[in-house]
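Read off the chains here:
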Amino acid sequence: MTVQQDTLANGFRIVSEHMPGLESASIGIWVTAGGRHERIEQNGIAHFLEHMAFKGTERRTALEIAEAIEDVGGYINAYTSREVTAYYVRVLKDDVALALDVIGDIVLNPVFDQREIEIERGVILQEIGQALDTPDDVIFDWLQEQSYHNQPIGRTILGPSERVSSFSREDLSGFVGEHYGPGQMILAAAGAVDHDALVKMAEQMFGHMSPLVGNTYEAARFTGGEARQEKDLEQAHFALALEGPGYRKQEIYTAQIYASALGGGMSSRLFQEVREKRGLCYTIFAQAGAYADTGSTTIYAGTSGDQLAELAGITIDEMKRAAEDMSEEEVARARTQMKAGMLMGLESPSSRAERLARMVQVWNRVPKLEETVARIDAVTCADVRSFAEHMAATAPAALALYGPVSKAPSLAKLQERRAA
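Residues numbered from 1 in each chain as written. Predicted model: local features only at pLDDT ≥ 70, side-chain atom pairs only at ≥ 80, totals over all residues. Heavy atoms only, no water.

Trainee: Explain the overall build of the chain residue by residue, including any values.
Mentor: Per the secondary structure count, the chain includes 16 helices and 11 strands. Taking 420 residues into account, the globule formula puts the C-alpha radius of gyration at 22 Å, and the chain, at 23 Å, falls close to it. Principal-axis analysis of the C-alpha atoms places the extent of the chain at approximately 65 × 50 × 40 Å. Within the span of the chain, comprising 420 residues, buried residues form 53% of the whole. Once local pairs closer than 6 in sequence are excluded, the contacts in the chain between residues at least 24 apart make up 81%. With 40 positive and 60 negative side-chain charges, the chain shows a separation of 5 Å between the mean positions of the two kinds. (Helix = DSSP H or I, 4+ residues; strand = E, 2+ residues; numbered from the N terminus. Rg over C-alpha atoms; globule rule 2.2 N^0.38 Å. Buried < 20%, exposed > 50% of the residue type's maximum accessible area, 1.4 Å probe, protein only. Contact = heavy atoms within 4.5 Å. Lys, Arg positive; Asp, Glu negative; His and termini not counted. Charge placed at Lys NZ, Arg CZ, Asp CG, Glu CD.)

Given below as structure tokens:
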């Protein structure tokens, strides 16, 4: 399997990986235009735009977009994150040209019909309502807001309902004009694909576009803070975030190994101590997330209101203990889990295409898997202990609590326990 990469004269990037023996391909366009690229009055518009892309173009109605892909047995979808919006298709190898034509059409030629805008506005408002009714969705939005207070990267991707209710056709077109330039787009494909053919099609479809000037975003600042809402729920939801490295930092691998050892699986410290030994919860985990210029290690658990204080205290104690006695065996297990998860995830063309786009977005190149594995293997037990010490004692923190949380310790109390 060989990764190939090209860039058109206007900055549009194409990256692909041919996977021998496959009869299908995954192909998509990743646009560096997500939630963190919105001004406050635009909050939620990147996600709204993602929805509208499927609601009709100059050449196809919404039904014709769906039929074009599903008539050949394919699958089409999209998502919006804080840093990108992605539009992607999975098809058989003979339908790659069709897939790119459809994806290119919805990205370049949306009509933003007013009737469709109003219909989709209602759909998104229902999506917002559903998210607000889902505690473990709400709490992570609150945690993000407290981690990056009053910053674009800290705002919800869906946006508040009052803003979504007011977006106009001009607002949508304006966001496209600001952020959907060729230099912000990556065409990524994997599976039964021909790179040279992709480049030719991309030239015909996107070569006419003029580069955008600017398209910057506000640098992230981890502020920390606490959000707490008492509500009559069956469980109290607890989420703690600690500032970590961005994905361009070598320390990101240390952060991921630390999170895995701390709370990444059934053998992890938090799972064993909090769930298996003490029975304080059903779900508890830790994970390391990252953006271009910041990141965080997040710990989440759900428990009863009466047990929340105990759970929170044990969590801090386990973080401190990890800095003292994290073992070589635990680090080796976490490294192996990380590598296995990465390699298993790359067995599908969709996962490969996603990785290609992500790597090009991050480094403007695709590191070989061997390079990434080497970076993971280079993380030592001493590195993890040092990182654990920083997480336990000095890393800025944010806390979100939701449900019967009246007995939960405050962030200030948890900070005192960290310092003790």
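After that view, the rundown keeps rolling.
Trainee: Account for the nonpolar core, with residues named and values stated.
Mentor: Across soluble globular proteins, you tend to see nonpolar side chains buried next to one another. Counting 52 residues, the largest nonpolar core has Ile27, Tyr87, Tyr180, Met185, Leu198 and Phe206 as its most contacted members. If you tally residues by element for this core, the top one is helix α3 (residues 96-108), at 7 residues. With near-sequence residues (within four places) excluded, Ile27 lies in contact with Tyr87, Tyr88, Val89, Val96, Ala99, Leu100, Leu187, Ala188, Ala189 and Leu198. Within the second largest apolar cluster, 51 residues are counted, among which are Tyr253, Ile314, Cys381 and Phe387. (Core = buried A, V, L, I, M, F, W, Y, C linked by side-chain atoms within 4.5 Å.)

Trainee: Outline the pairing of strand β8 (residues 236-244), listing residues and values.
Mentor: In terms of residue burial, β8 counts as a mostly covered element, since 8 of its 9 residues are buried. As paired strands, β8 and strand β11 (residues 397-403) are joined by 6 bridges and run antiparallel to one another. What sits directly across from Phe238, in β11, is Leu401. (Pairing = 2+ DSSP bridges.)

Trainee: Kindly report on helix α8 (residues 195-206), identifying the contributing residues and their values.
Mentor: Given a rise of 1.5 Å per residue, 12 residues ought to cover 16 Å, and the 16 Å separating the end C-alpha atoms of α8 matches this to within 8%. His195, Leu198, Val199, Met201, Ala202, Met205 and Phe206 are the residues of α8 that are buried. Projected down its long axis, α8 carries its buried residues within an arc of 170°, all on one side. Residues of α8 that are exposed and point more than 90 degrees away from the buried face comprise Asp196, Lys200 and Gln204. Looking at the buried positions of α8, the neighbouring elements they touch are β1 (2-7), β2 (13-18), β3 (24-31), α3 and β6 (185-191). The N-cap residue of α8 is Asp194: its side-chain oxygen and the backbone nitrogen of Asp196 are 3.0 Å apart. (Expected span 1.5 Å × (residues − 1). Arc of directions from axis to C-beta. Polar contact = N/O pair within 3.5 Å; in protein donor to acceptor, adjacent residues only side chain to side chain.)

Trainee: Give a description of the packing of aromatic side chains that names residues and reports values.
Mentor: Two measures describe an aromatic ring pair: the distance that separates the ring centres and the angle between the ring planes. Per the stated rule, a full pass over the model turns up 9 aromatic pairs. Each ring, one from Phe48 and one from Phe167, has its centre 6.0 Å from the other, and the planes form 75°; the classification is edge-to-face. Residue Phe48 is found in helix α1 (residues 45-52), and its partner Phe167 is found in the loop between α6 (161-164) and α7 (169-179); the two are separated by 119 residues along the sequence. Assigned by exposure class, Phe48 and Phe167 land together as buried. Ring centres 5.4 Å apart and planes at 80° place the aromatic pair Tyr148 and Phe222 in the edge-to-face group. Here Tyr148 is found in the loop between α5 (135-147) and α6, whereas its partner Phe222 is found in the loop between α8 and β7 (225-230), with 74 residues between them in sequence. The same class applies to Tyr148 and to Phe222, which are both buried. A network of ring pairs unites the aromatic residues Phe140, Phe285 and Tyr300 as a single cluster. (Phe/Tyr/Trp six-rings, centres within 6.5 Å; stacked < 30°, edge-to-face > 60°.)

The values are spatial; any link to function lies outside them.
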